[in-house]
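Here's the letter readout for the chains.
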Amino acid sequence: FNGRRINVRCGLIGFDVTRTRELRDSEEVVKLREQIAKEYEGKNMIVSCDKIDRLSGIALKLTAFESLMKFSSHVWYGKLVFVQLLRQPYNIYASTELLQSQAKELEQIEELANNINESFPGSVILIKPHEENPKIRLAYFAV
């Protein structure tokens, strides 16, 4: 690609479907889901869940969302919310602190989100790694 070698790898992941369904249907997740649905009633939501990593594409998604809002705000402003769930990178699950490069990436993501929210208040919601967990994730995905 443009004189560079690109390597694409596909990896399979597995998860316990029964346990995920049980968690999704738990009282706590149902309450969270209802609370989120009430808070964003009448709005469309784009929900994305990614680990904080330079290659995850979060900054590109936010840039694309900003373009959408700039060029189609007459259609979408006040009717569309972008929710980005930020997950702890896999290599630091044992640690509570981000690596310097990951902290820099988080700073860039926050800056992009703040810039969008300055122009279009309430359009971007960031759920940070210390706030993000499977229950919150399932609640947002189920709305």
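Structure: above.
Residues numbered from 1 in each chain as written. Predicted model: local features only at pLDDT ≥ 70, side-chain atom pairs only at ≥ 80, totals over all residues. Heavy atoms only, no water.

Undergrad: I keep staring at the overall build of the protein and nothing clicks. Help me out?
TA: Assigned secondary structure in the protein consists of five helices and three strands. Ordered by position from N to C terminus, the α and β elements of the protein give α-α-β-α-β-α-β-α. Viewed in the frame of its principal axes, the protein has a C-alpha envelope of about 50 × 45 × 30 Å. Residue pairs at least 24 apart in sequence account for 73% of intrachain contacts in the protein once pairs closer than 6 positions are excluded. If you sum the accessible surface of the protein, you get close to 10,100 Å²; carbon and sulfur atoms cover 51% of it. (Helix = DSSP H or I, 4+ residues; strand = E, 2+ residues; numbered from the N terminus. Contact = heavy atoms within 4.5 Å. Areas by Shrake-Rupley, 256 points an atom, 1.4 Å probe, with all protein chains shown as cover.)

Undergrad: Would you take a moment to explain the packing of helix H1 (residues 17-24) against helix H5 (residues 134-142) for this structure?
TA: Geometrically, a packed helix pair is captured by the angle between its two axes and the distance between the axes. It is at 10 Å that the axes of H1 and H5 come closest, and there the two elements cross at 80 degrees. What the angle tells us is that H1 and H5 run roughly perpendicular. From H1, Thr20, Leu23 and Arg24 reach across to H5, where they touch Pro134, Lys135 and Leu138. Partitioned by chemical class, the residues of the contact of H1 with H5 number three nonpolar, one polar and two charged. (Axes fitted to C-alpha atoms, helices over the stretch in contact; angles between N-to-C directions. Parallel < 35°, antiparallel > 145°, perpendicular 65-115°, else oblique. Nonpolar A, V, L, I, M, F, W, Y, C, P; charged D, E, K, R; others polar.)

Undergrad: Sorry, what's going on with H5 here?
TA: Residues spaced three or four apart along an α-helix point in a common direction, a consequence of the helix completing one turn every 3.6 residues. Here H5 has its buried residues at Ile136, Arg137, Leu138, Ala139 and Tyr140. In this structure, the buried residues of H5 make contact with H1, helix H2 (27-39), strand E1 (44-51), strand E2 (80-87) and strand E3 (124-127). If you check the start of H5, you find a side-chain oxygen 2.9 Å away from the backbone N of Lys135, and it comes from Asn133. (Buried < 20%, exposed > 50% of the residue type's maximum accessible area, 1.4 Å probe, protein only. Polar contact = N/O pair within 3.5 Å; in protein donor to acceptor, adjacent residues only side chain to side chain.)

Undergrad: When you look at the packing of aromatic side chains in this model, what are you seeing that I'm missing?
TA: Each aromatic ring pair is specified by the distance between its two centres and by the angle formed by the two planes. A complete count under the given rule lists two aromatic pairs for this structure. With centroids separated by 5.4 Å and ring planes inclined at 35 degrees, the aromatic side chains of Phe65 and Phe82 adopt a geometry described as tilted. Pair noted here: Phe65 is in helix H3 (residues 58-76) and Phe82 is in strand E2, with a separation of 17 residues, a long-range link. Take Phe65: its relative accessible area is 3%, and that puts it in the buried class. Owing to a relative accessible area of 4%, Phe82 belongs among the buried residues under this scheme. Aromatic side chains Tyr77 and Phe120 sit 5.9 Å apart centroid to centroid with 55 degrees between the ring planes, which places their arrangement in the tilted category. In this pair, Tyr77 sits in the loop between H3 and E2 while Phe120 sits in the loop between helix H4 (100-119) and E3, placing the two residues 43 residues apart along the sequence. (Phe/Tyr/Trp six-rings, centres within 6.5 Å; stacked < 30°, edge-to-face > 60°.)

Undergrad: What am I meant to see in the sheet that holds E2 here?
TA: By way of backbone hydrogen bonds, the strands of a sheet pair with one another, either parallel or antiparallel. The sheet built from three strands is open, its strands ordered E1-E2-E3 with parallel pairing. Looking at the sheet topology across the chains shown, the edges are occupied by E1 and E3. Mean inter-strand twist for the sheet, computed between neighbouring axes without regard to direction, equals 15 degrees. In this structure, E1 lies alongside E2, joined through eight bridges in parallel fashion. The partner of Met45 across the bridge, within E2, is Val81. (Pairing = 2+ DSSP bridges.)

Undergrad: Please explain the pattern of salt bridges as it appears in this structure.
TA: Any two side chains of opposite charge can pair, given that their charged atoms come close. As enumerated under the stated definition, the model contains nine salt bridges in all. For Glu27, the salt bridge identified is with Lys31, shortest N-O distance 3.2 Å. Of the two residues, Glu27 and Lys31 are both situated in helix H2; the distance of four residues between them amounts to about one turn of the helix. Judged by relative accessible area, Glu27 falls into the exposed class, the value being 58%. For Lys51, the salt bridge identified is with Asp53, shortest N-O distance 3.9 Å. On the basis of relative accessibility, which here comes to 29%, the residue Lys51 falls in the partly exposed class. The class of Asp53 is partly exposed, set by a relative accessible area of 25%. Overlapping salt bridges, with partners in common, bring together Arg87, Glu132 and Arg137 in one network. (Salt bridge = Lys/Arg side-chain N within 4 Å of Asp/Glu carboxyl O.)

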